[in-house]
Amino acid sequence: EKAAMQGHVMSRYNLGILEAEKGNYDRAVRHHLISAKMGCHYSIDAIKKAFMDGLATKAQYAEALKGFQGAVEETKSHDRSVWLSNYCEARPTT
């Protein structure tokens, strides 16, 4: 819990999983919303499943997707894109 409260994304995701296992679905979705907004794609999957099972709302799923996209956009940069394209071109194929 301490790591999650200090911003560790996977710790927050794991708290969501633990809460879901205990049947605390509202708390689980809240933890997954927070980690999705920090860029955790596993949390998007968890909220999608919760939505499909009727445990999360469409609004919560939409909020998670929007937050996740925002986090992804924040990590994009021209230098990173150039490095990735060079890395992918330089990788040997088997």
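Note that the coordinates shown come from a computational prediction; the quantities given were computed from them, not determined experimentally.

Rules and cut-offs
Residues numbered from 1 in each chain as written. Predicted model: local features only at pLDDT ≥ 70, side-chain atom pairs only at ≥ 80, totals over all residues. Heavy atoms only, no water. Helix = DSSP H or I, 4+ residues; strand = E, 2+ residues; numbered from the N terminus. Contact = heavy atoms within 4.5 Å. Salt bridge = Lys/Arg side-chain N within 4 Å of Asp/Glu carboxyl O. Core = buried A, V, L, I, M, F, W, Y, C linked by side-chain atoms within 4.5 Å. Buried < 20%, exposed > 50% of the residue type's maximum accessible area, 1.4 Å probe, protein only.

Peer 1: Whenever I open this one, the overall build of the protein chain confuses me. Can you help?
Peer 2: Each helix and strand counted, the protein chain has 6 helices and 0 strands in total. Seen in sequence order, the protein chain has helices and strands lined up from the N terminus as α-α-α-α-α-α. Of all intrachain contacts in the protein chain linking residues separated by at least 6 positions in sequence, the fraction that spans at least 24 positions is 42%.

Peer 1: Could you clarify how one ought to interpret the pattern of salt bridges in this entry?
Peer 2: Opposite charge on two side chains lets them pair, provided their charged atoms get close. Inspection of the entire model under this criterion finds 4 salt bridges. The salt bridge involving Asp-53 is made with Lys-49; its shortest N-O contact spans 2.8 Å. When salt bridges that share partners are traced, they join Glu-19, Lys-22 and Arg-27 into one network.

Peer 1: It is not clear to me how the nonpolar core should be interpreted in this structure. Could you clarify?
Peer 2: Nonpolar side chains tend toward joint burial in soluble globular proteins. Counting residues in each nonpolar core, the largest one holds 10 residues, listed as Val-29, Leu-33, Ala-36, Ile-44, Ile-47, Ala-50, Ala-56, Tyr-61, Ala-64 and Phe-68. For this core, the elements supplying multiple residues, two or more each, are helix 3 (25–37), helix 4 (41–52) and helix 5 (58–75). Discounting residues that sit within four places of it in the chain, Tyr-61 has contacts with Ile-44, Ile-47, Lys-48 and Phe-51.

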